[in-house]
Each structure stands twice: as C-alpha cells, then as structure tokens.
Amino acid sequence: MQHSSTKPPLRVGVIGYGTVGRALVQILETMDWVNVTAIGVRNTPDYCPIGIRVFHNVSQLIRSSVVDVVVEVTNDSVASLEFLREAFQCGKPFVTANKKLVAESLLEIHAQRTEGHIVLYEAAVCASIPVLRSLATSWSTEQCTSVRGIVNGTTNVILERMSVYEQNYEQALKYAQEHGFAERDADADVSGQDAARKLSILCFHAFGTWLPSDTIPRVGIQGLTHDDIAFFAAREQSVKLIANATTTGRGLRASVLPTAVASSNAYSSTTGEQNFLELQWQYAAAQTLQGAGAGGIPTASAIIGDILATTRYEPYVVRNVLHNGQHANIHVLDEVITVYVRVRSEIGRNLHWDSIDTYEELGNWSRMTGTISVRELSEFCKDYSDTAVVRL
Ligand SMILES: NC(=O)c1ccc[n+]([C@@H]2O[C@H](COP(=O)([O-])OP(=O)(O)OC[C@H]3O[C@@H](n4cnc5c(N)ncnc54)[C@H](OP(=O)(O)O)[C@@H]3O)[C@@H](O)[C@H]2O)c1
C-alpha cells in the first residue's frame, strides 16, 4: 500500500512495546508506505528491529524530528494523557488503542478538533471491528436508536470456559490470564468497567451524547459460578456480558449486565475473544458486526487503518454534536429489568425488588427471579460482588 507514490514513507513513533506495540511494529515492518522510526518504552526491550530508535524519554520521542505520527499503545492512562497533550502541542497526529484514555478524555479530544488536531482510536472499541469509522461514514445519515453487544473479549473467554469446559470462575480466569486473554489485574474486565468505557465511547459516536462511563449501571461476572451457568444451559441458554444502550424520548437506557441469551443465537456463537455488535437504525433496521475483539495482530490492524487516515486528515465525524464544541450530556434513565439473582441469604434482604417471581433456598444462598431497578442492582453489587446476576 502507498499513501502517495511521490511522498516519502510516513514516520511513526510507537509508545508502548507490549502485545499490541510489538504486533504493530511487526506488521508495519512489512509495509512500504510507512516506517517505524522510534519506540517509546519504560524498560529496555529484549528485541527491537534494527534501525528503530528506542526512547526511554517518551516526551523526546513525541518531539523528535524523525516522528510524523504518534501511536500510543501503553496500558497507562495517566501518562498517556500527558502524551496526548504533548502531541497536541507539537501538532502531531495521535493514534491510540487505550480505551481508558479515550473514555476519560473524549471531550478534550474532540474539543481539540476545532484546533485542527487529529486523534483516532478505532482499536479502543472492539479492537479489529471498524465500528467507529462505520458510524462516522457508512451510517452517517441515519439515526441510531440502539447499540448492544459483547464488547469485552476477556469475559467472553471466561464465560465460555465455565460453560463449555465446566470450569469454575477461578479456573476460567486463570486460563484467560495464562493464555493472554486477561491481564494479571483483570478487575476492569470482570467488573464490567472496561465494557462500560467502550459503551461510553460507542454512545458518543452512535448518538452524539456524552455519557461518562461511571454513570452507566453495571454488574460484572465475578459472582457467577459454574452452577449458575449450568442453570441456564439446562434451559438452552448461555450467559454473556452484554453492553446495551437504547435511546428513548426521555433519555438513554444504558447498562452492562451478564445476560441470558438463547444458545442458538448470534450472541451465543460469539466465542473466545470475539466481539459482537448489534446496531439498530431508523431506516437500515438491524446491522451486526462481529470479529476479533482482542489480540495483538487484530488490534494492530485497526491502528494501521487509523495511521493511514491521519495522512488524509480524516477525523471521525461525530453525529449530533460539536455545535461549537458543545455536547448533549444525556441522562441515563433507570430501568426495571427482569433478572436472576443468587445472593447470600444474610444480605439478600438488602435488595429492594419491585416484584419476586421465584424464590429458592440453596444452603446459605437464595436464588430468586423477579423485577428490580437496574440502578439498585448495580449499587448493591458494588458492595456485594459475590452476588450472581443474570438479566433474563
Ligand atoms: N491486547 C489487546 O488485545 C488490546 C485490544 C484493544 C486495545 N488494547 C489496548 O492497547 C493498549 C496496549 O495493550 P497491550 O495488550 O499491548 O498491553 P501490554 O502488553 O501490557 O503492553 C503495554 C506496554 O506499555 C508499556 N508502558 C506502560 N506505561 C508506559 C509508559 N509510561 N511509557 C512507555 N511505555 C509504557 C509497558 O511497558 P513495561 O513492560 O515496561 O511495563 C508495556 O510494554 C492498552 O491500552 C489496551 O487497553 C489492547
């Protein structure tokens, strides 16, 4: 691929040389329109291709005359914000895969657009799936009414291990960590926080509304046991962590919840670290996207698309927003949902149900189904994360 036959190769500096950084450098080394000229690291890497300068001072990399585009693939959301601001100051395009950075800095990133800065972050949401670019272009004339999907590969791997291999939660988490699907500190993934961050970014692009991720009610998968999964398997259902945002006349309904889905549907057939997204449109009706939601090489693929887009100055067009930099800050509505809950009996009375349909004692635990406010459930599970919750 060439970005122009007459132009010299684009010079890229990559900050962070872990799973994604190494995969990115590996692929870019095979392309002739681009040169990786620098990597920014904390610790000296065991290997780095010949001809690439290694910077321990990332600020120097960003300011270096051998770098045209800055790519940020660290797992450090504090330092990465400094890197982003430094790239702004230098007027250099910035590409990142860091969802925490993006979810926390969306307003700042898009405010900078008015200054002509370009920041692209396709890989931050569902890795290889080109959902942000598609929202900005292919469907730009349509009103999006709902975004729903599996946006976290780690929890998908864990739930699959619990279901298919009948592992308990701890064994499945260990498997995911040992096979590179989960970080050593997997809390952001298993608690639904990572999915909430991605949902926040998706809401910004799909609806043009700013929904801070910590305002999205969420329940993680930490409380689920193999017995809970088996309970649903017996009903020909599987359990998936689903992020969901739907517009209503009064605001948005948004949540991240373990959810029961029919064993035969597209959610259930989203296996391993794959992601799946279902978008509802005013005219186009339902559209789905499925693909690798994690992994160095697939994530690098999305980053490379963004690197190329910087050369054409193709920022994302965000619908309904950026009227003089202003964004609609929309209200997350509470919602009464039907759920399965297994909770320690001694604390179960602290849950305020709207109605209880079934109740069963299982030793020290109570298993119930009924209707309850999603906000109430989310707050309860922050205190009692060993509670199993599955939306029905
Ligand atoms: N892996 C995926 O499938 C995937 C998918 C989509 C998005 N992402 C995002 O992509 C980013 C990178 O993920 P990853 O899986 O490659 O993580 P990783 O394997 O943990 O690598 C992160 C790298 O960043 C380096 N780093 C951290 N802080 C740094 C700093 N201040 N200056 C320079 N280097 C620094 C680390 O260096 P040390 O080794 O010295 O600590 C490490 O080499 C993350 O933001 C992640 O959320 C990952």
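Residues numbered from 1 in each chain as written. Predicted model: local features only at pLDDT ≥ 70, side-chain atom pairs only at ≥ 80, totals over all residues.

Novice: Please set out the overall build of the chain residue by residue, giving values where relevant.
Specialist: Scanning the chain for helices and strands turns up 13 helices and 15 strands. What you see for the chain is a C-alpha radius of gyration of 22 Å, in line with the 21 Å of a compact globule of 392 residues. With the C-alpha coordinates aligned to their principal axes, the bounding extent of the chain is approximately 70 × 45 × 35 Å. Across the 392 residues in the chain, those meeting the buried criterion constitute 46%. Across the chain, the fraction of contacts at a sequence separation of at least 24, relative to all contacts at a separation of at least 6, is 70%. (Helix = DSSP H or I, 4+ residues; strand = E, 2+ residues; numbered from the N terminus. Rg over C-alpha atoms; globule rule 2.2 N^0.38 Å. Buried ≥ 20, exposed ≤ 12 C-beta atoms within 10 Å, placed from the backbone. Contact = placed C-beta atoms within 7 Å.)

Novice: Residue-level account of the sheet that holds strand β6 (residues 119-120), with values.
Specialist: Here 6 strands make up an open sheet; going across it, the order is β3-β2-β1-β4-β5-β6 and the pairing parallel. Single-partner strands in this sheet number two, and they are β3 (53-55) and β6. By the bridge criterion, 4 bridges tie strand β1 (residues 10-15) to strand β4 (residues 69-72) in an arrangement that is parallel. Its bridge partner lying in β4, V14 is registered against V71. This element, helix α1 (residues 19-28), spans β1, β2 (34-40) and β4 of the sheet and lies at about 155° to β2. Here helix α3 (residues 77-90) sits on the sheet and contacts β1, β4, β5 (94-96) and β6; the angle it forms with β4, its principal contact strand, is near 170°. (Pairing = 2+ DSSP bridges. Axes fitted to C-alpha atoms, helices over the stretch in contact; angles between N-to-C directions.)

Novice: A description of the site of the ligand should follow, citing residues and the corresponding values.
Specialist: Around the ligand lies a shell of 26 residues, among which G16, G18, R42, D76 and A294 are the nearest. At 3 residues, the largest contribution of residues to the shell around the ligand is made by α1. Tallied by class, the residues present in the shell around the ligand amount to 12 nonpolar, 11 polar and 3 charged. (Near = placed C-beta within 6 Å. Nonpolar A, V, L, I, M, F, W, Y, C, P; charged D, E, K, R; others polar.)

Novice: Give me the lowdown on the pairing of strand β8 (residues 237-247), citing residues and values where you can.
Specialist: Most of β8 is tucked away, with 10 of its 11 residues classed as buried. In this sheet, strand β9 (residues 252-262) lies alongside β8 in antiparallel orientation, the contact comprising 11 bridges. When the bridges of β9 are listed, I242 appears paired with L257. From the end of β8 to the start of β9, which pair antiparallel, there are 4 residues, and G251 there has a positive phi angle of about 160°.

Novice: Give me the nonpolar core: which residues, what numbers.
Specialist: Counting residues in each nonpolar core, the largest one holds 112 residues, and the members touching the most others are V14, V71, L199 and I303. Considering each element in turn, this core owes the most residues, 9 residues, to helix α9 (residues 193-207). Excluding residues that lie within four positions of it along the chain, V71 makes contacts with V12, G13, V14, I15, L24, V95, I303 and I307. (Core = buried A, V, L, I, M, F, W, Y, C linked by C-beta atoms within 7 Å.)

Novice: Can you explain the packing of α3 against helix α4 (residues 99-111)? Please cite residues and give values.
Specialist: A packed helix pair is summarised by two numbers, namely the angle formed by the two axes and the spacing between the axes. One way to put it is that α3 packs onto α4 with a least axis distance of 9 Å and a crossing angle of 60°. One way to sum up the angle between α3 and α4 is to call them oblique. Relative to α4, the crossing made by α3 is right-handed. Of the residues in α4, those in contact with S77, S80, L81 and L84 of α3 are K100, L101, E104 and S105. In the contact of α3 with α4, the residues fall into 3 nonpolar, 3 polar and 2 charged. (Parallel < 35°, antiparallel > 145°, perpendicular 65-115°, else oblique. Left-handed = near helix turned anticlockwise from the far one by under 90°.)

Novice: Describe the domain arrangement of the chain, and please don't skip the residues or the numbers.
Specialist: Taken domain by domain, the chain comprises domain 1 (10-136 + 296-311) and domain 2 (144-293 + 329-391). Contacts between the two partners involve 18 residues from domain 1 and, on the opposite side, 19 residues from domain 2. By residue number, the principal contributor to the side of domain 1 that touches domain 2 is α4, which donates 6 residues. Of the residues assigned to the side of domain 1 that touches domain 2, the class counts are 14 nonpolar, 2 polar and 2 charged. (Domains from an automatic or database assignment.)

Novice: I'd love a proper account of the packing of helix α6 (residues 153-164) against helix α7 (residues 169-178), names of residues and values included.
Specialist: Close contact between α6 and α7 brings their axes to 8 Å; oriented N to C, the two are set at 130°. On the basis of their axis angle, the class for α6 and α7 is oblique. Regarding α6 and α7, the two cross each other, and that crossing is right-handed. When α6 is examined against α7, the residues T154, V157, I158, R161 and M162 are found in contact with a partner set consisting of Y169, A172, L173, Y175 and A176. Of the residues contributing to the contact of α6 with α7, the split by class is 8 nonpolar, 1 polar and 1 charged.

Novice: Describe α1, naming the residues involved and giving the relevant values.
Specialist: When α1 is considered as a whole, its buried residues turn out to be V20, G21, R22, L24, V25 and L28. Each element contacted by the buried residues of α1 is listed here: β1, β2, β4 and α11 (296-311).

Novice: Can you break down the pairing of strand β10 (residues 274-281) residue by residue, with the values?
Specialist: Regular strands place side chains that alternate from one sheet face to the opposite one. Relative to β10, strand β7 (residues 144-150) runs antiparallel, the two being bridged by 6 bridges. What sits directly across from V147, in β10, is L279. Sheet topology note: the β10/strand β11 (residues 285-292) ladder contains 8 bridges and is antiparallel. Its bridge partner being in β11, N275 is matched across the sheet by G291. Connecting β10 to the next strand, β11, in antiparallel fashion are 3 residues.

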